[in-house]
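Structural overview
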Amino acid sequence: QVQLVESGGGLVQAGGSLTLSCAASGLSFSSYAMGWFRQAPGKEREFVAAVAWSGDYTYYADSLKGRFTVSRDNAKNTVYLQMNSLKPEDTAVYHCAARWHTATMIPNEYRYWGQGTQVTVSS
């Protein structure tokens, strides 16, 4: 009955911004770390960002630090990914994921996954 639903993807020009949302239900949201991952055709799934259960700690892929911001609102059971200065190489399906308590960068360590939302950045 756990469900993670991403929204906010779409088509954007290079240099633009998008905010992705992931609404969670069926779990004790504040007890879970939340992560964002992306996968482009022909590439491995890539860690993007994660936020600890309390929201006090955030983590980013080095290449994305400074452009992307992850946050959460436990009252709304929602995690966000603010993406700025988007580049064509950011084009991918973006997934949110949940794991108990501690954030990691390893996809296999996340138990629950959303269906993904497509982000396409045009040049």
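First, a word on scope: everything that follows refers to the structure included in this document. These figures come from a predicted structure and were not determined experimentally. (Residues numbered from 1 in each chain as written. Predicted model: local features only at pLDDT ≥ 70, side-chain atom pairs only at ≥ 80, totals over all residues. Heavy atoms only, no water.)

A word on the pairing of strand β11 (residues 117-122). Side chains Thr-117, Val-119 and Val-121 of β11 all project onto a buried face; the interleaved residues Gln-118, Thr-120 and Ser-122 project onto a face where none is buried. In terms of strand pairing, strand β2 (residues 10-13) meets β11 through four bridges, oriented parallel. Each residue of the ladder has a partner; that of Val-12, found in β11, is Val-121. The pairing of strand β9 (residues 92-100) with β11 spans three bridges and is antiparallel. Across the sheet, Ala-92 pairs through a bridge with Val-119, a residue of β11. (Buried < 20%, exposed > 50% of the residue type's maximum accessible area, 1.4 Å probe, protein only. Helix = DSSP H or I, 4+ residues; strand = E, 2+ residues; numbered from the N terminus. Pairing = 2+ DSSP bridges.)

Under the defined criterion, the tally for this structure stands at four salt bridges. For Glu-46, the salt bridge is made with Arg-38, and the minimal N-O distance between the two is 2.8 Å. With relative accessibility at 29%, the residue Glu-46 sits in the partly exposed group. One salt-bridge network, held together by shared partners, links Arg-38, Glu-46, Arg-67 and Asp-90. (Salt bridge = Lys/Arg side-chain N within 4 Å of Asp/Glu carboxyl O.)

Before going further, it helps to examine the nonpolar core. Counting residues in each nonpolar core, the largest one holds 37 residues, and the members touching the most others are Trp-36, Leu-81, Met-83 and Tyr-94. Looking at this core, the elements that each hand over two or more residues are β3 (18-25), β4 (32-39), β5 (46-51), β7 (68-73), β8 (78-83), β9 and β11. Once you skip the residues sitting within four places of it in the chain, Tyr-94 turns out to touch Glu-6, Leu-20, Phe-37, Arg-38, Val-48, Phe-68, Leu-81, Met-83, Gly-116, Thr-117 and Val-119. (Core = buried A, V, L, I, M, F, W, Y, C linked by side-chain atoms within 4.5 Å. Contact = heavy atoms within 4.5 Å.)

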